[in-house]
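Given next are the chains, with one letter for each unit.
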Amino acid sequence: WRTCLPPRMRVGIRVHWRDGEGAMAKEIQRETIRQIALRAKAMGGRAMLVGGCVRDSLRGVEPHDWDLCTSASPAQMQAVFADARVLTTGLRHGTLTVLTDGGPLEITTYRTEGGYSDGRHPDGVRFVTDIREDLARRDFTVGAMAWHPKRGLCDPFGGQTDLKNGVLRAVGDADTRFQEDALRILRGLRFASKLGFAIEPETAAAMRRQVHRLDCIAAERIREELTGLLCGRYVQRTLMAYADLITSALPELAPMQGCQQQNPHHLYDVWEHTVRAVGQVPAEPVLRWAMLLHDSGKPACKTVDEQGIGHFRGHPRASLALSRELLPRLRFSSADTERILLLVERHDTPLGDNEKLVRRSLSRIGEARFRDLLAIKKGDAVGQGTSRDYVAQLFETEALLNRVLAQEQCFSLRQLAVNGADLQALGLRGRPVGEMLHALLDAVIDGRTDNRRETLLRLARTRMEEQHDK
């Protein structure tokens, strides 16, 4: 299996649209093509590339992985690959994973699936010999295509046409597809956000009819699909068009929809402001989640004064409390949870408009979180839709940050010109050592002394004498 061809050899494969309109060339490893050609007959049938790799290849995008399906039975596959490194954990459902030098390659016997008692996994599978029966069980037409180097494209449900037209359509009866696996609802939204596809009306209607079934889905899987959605290029369009589906998965966010801000600093309601802000930060999961949650506490804090102006006093604290409930429910890692909570809590806290205040902020949160907050604040400002002045101020803060860092100004104990050993040499022991180091750092950050060893030791002696006199 692993020595069919020298790894350095590659070939070009050209796949044409069946209707002759357009063409795309895709180079893939010769080893993979040879694996298909040399093993297909030995497996007792024909092997075909299937699913996402076909979809991405037709779009001219490098697939993340290559999946094969075959009419050979699991037993036949095991026999053929007896001399290869394989994983058989999925063999009950017809999947054999062959470990190649280029990475794992899944080969699955054509199959149909039985009932879905848990709304997520099939109760059983039945192996078949017709690829069309296998494709009929898949979720969306753009993923229900298979390809063979000699036979070309197998597309019984019009996936190629939907792909060209940018349409996401369920295979067969849409309600049935989502009853089988409700996670497909969020998967469809992720595709819409990532690819910019429009969800076909009946498919979207079925998503809404079946969305209650998301209650059966593991929290980790919901988090993964929502993260993919949030990091998509077309996230703003998707969040606005399918807000009801998203808040079914995240009911804590439902009050944000239609919550008017009635404030001269905001042009949009809380949900639309949030959506616009999400699209303004880099497509990095923690930043996008923090942006989604940063104003989640606003509806609970809203008050309106006698002039009809809306106020949201204390909303960062309320958003933090809501996030502390939501993130563990979705099983976020401790590191991501800590980072998101910090950004939600401090999104409204100034970072500093002079070098002293910037050093102070750096001392509290460090450079990485400082830059995270800058990104959050920029997104928040743009999402308000009212004034460009605040955005300009944030760029000035960023310039201050870069200047402090370029000049290697002191803002942390690590940069301080003295350390604990120096203070112990002066006679300090235990807790007073740490207290003195922080006092010296504060003096440097505030500009009351420079960061030189002799100066700091002299200041430390002075402070020790003052404390002794007291």
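Please refer to the structure placed before this passage.
Presented here is an overview of the structure given in this document.

The subject of this paragraph is the overall build of the chain. Within the chain one finds 21 helices and 15 strands. Buried positions account for 50% of the 470 residues belonging to the chain. Looking at the chain alone, contacts between residues at least 24 apart form 63% of all its contacts between residues at least 6 apart.

Turning next to the pattern of salt bridges. Considering all chains together, one arrives at 31 salt bridges under this definition. Of the charged contacts, one joins Asp-139 and Arg-187 as a salt bridge, the two residues approaching to 1.9 Å between their closest N and O atoms. Of this pair, Asp-139 sits in the loop between α4 (131–135) and β10 (146–148) while Arg-187 sits in helix α7 (residues 183–195), and the two are 48 residues apart along the sequence. The salt bridge partner of Arg-221 is Glu-224, with a shortest N-O separation of 3.4 Å. Taken together, the residues Arg-221 and Glu-224, both in helix α9 (residues 219–230) and 3 residues apart, mark about one turn of the helix. Here the residues in one salt-bridge network are Glu-284, Arg-339, Arg-369 and Asp-372, joined through shared partners.

By way of backbone hydrogen bonds, the strands of a sheet pair with one another, either parallel or antiparallel. With respect to topology, 7 strands assemble into an open sheet ordered β5-β6-β7-β4-β3-β10-β11, the strand pairing being mixed. The outermost strands of the open sheet, each flanked by one partner alone, are β5 (86–87) and β11 (152–154). Summarising the sheet, β10 and β11 pair through 3 bridges and their orientation is antiparallel. Within β11, the residue paired with Trp-147 across the bridge is Leu-153. Packed on one face of the sheet, helix α2 (residues 52–59) meets β3 (47–50), β4 (67–70), β10 and β11 and runs near 65 degrees to β3.

What follows concerns the pairing of strand β6 (residues 95–100). Burial of β6 is extensive: 5 of the 6 residues sit out of reach of the surface. Where β5 lies against β6, 2 bridges are found, and the strand directions are antiparallel. Pairing of Val-86 across the sheet is with Val-98, part of β6. Examined bridge by bridge, β6 and strand β7 (residues 103–109) share 6 bridges and lie antiparallel to one another. Bridge pairing links Val-98 to Leu-105 in β7.

Conventions and cut-offs
Every residue gets a number counted from 1 within its own chain, in the order that chain's sequence is written. Under the rules for a predicted model, residues below a pLDDT of 70 receive no local features and side-chain atom pairs below 80 are neither given nor counted, while totals for whole chains, interfaces and linings still include all residues. Hydrogens and water are ignored here; the side-chain numbers use all heavy atoms of the structure. Here a helix means four or more residues in a row that DSSP labels H or I, a strand means two or more in a row labelled E, and each is numbered from the N terminus. Classification of residues uses two cut-offs on accessible area relative to the type maximum, computed with a 1.4 Å probe and protein chains only: under 20% is buried, over 50% is exposed, and between them is partly exposed. Throughout, a residue-residue contact means that at least one pair of heavy atoms, one from each residue, lies within 4.5 Å. One speaks of a salt bridge when a side-chain nitrogen belonging to Lys or Arg is within 4 Å of a carboxyl oxygen belonging to Asp or Glu. Two strands are counted as paired when DSSP detects at least two bridges linking them. A fitted line through C-alpha atoms serves as each axis, taken over the contacting stretch for helices, and the angle formed by two N-to-C directions is quoted from 0 to 180°.

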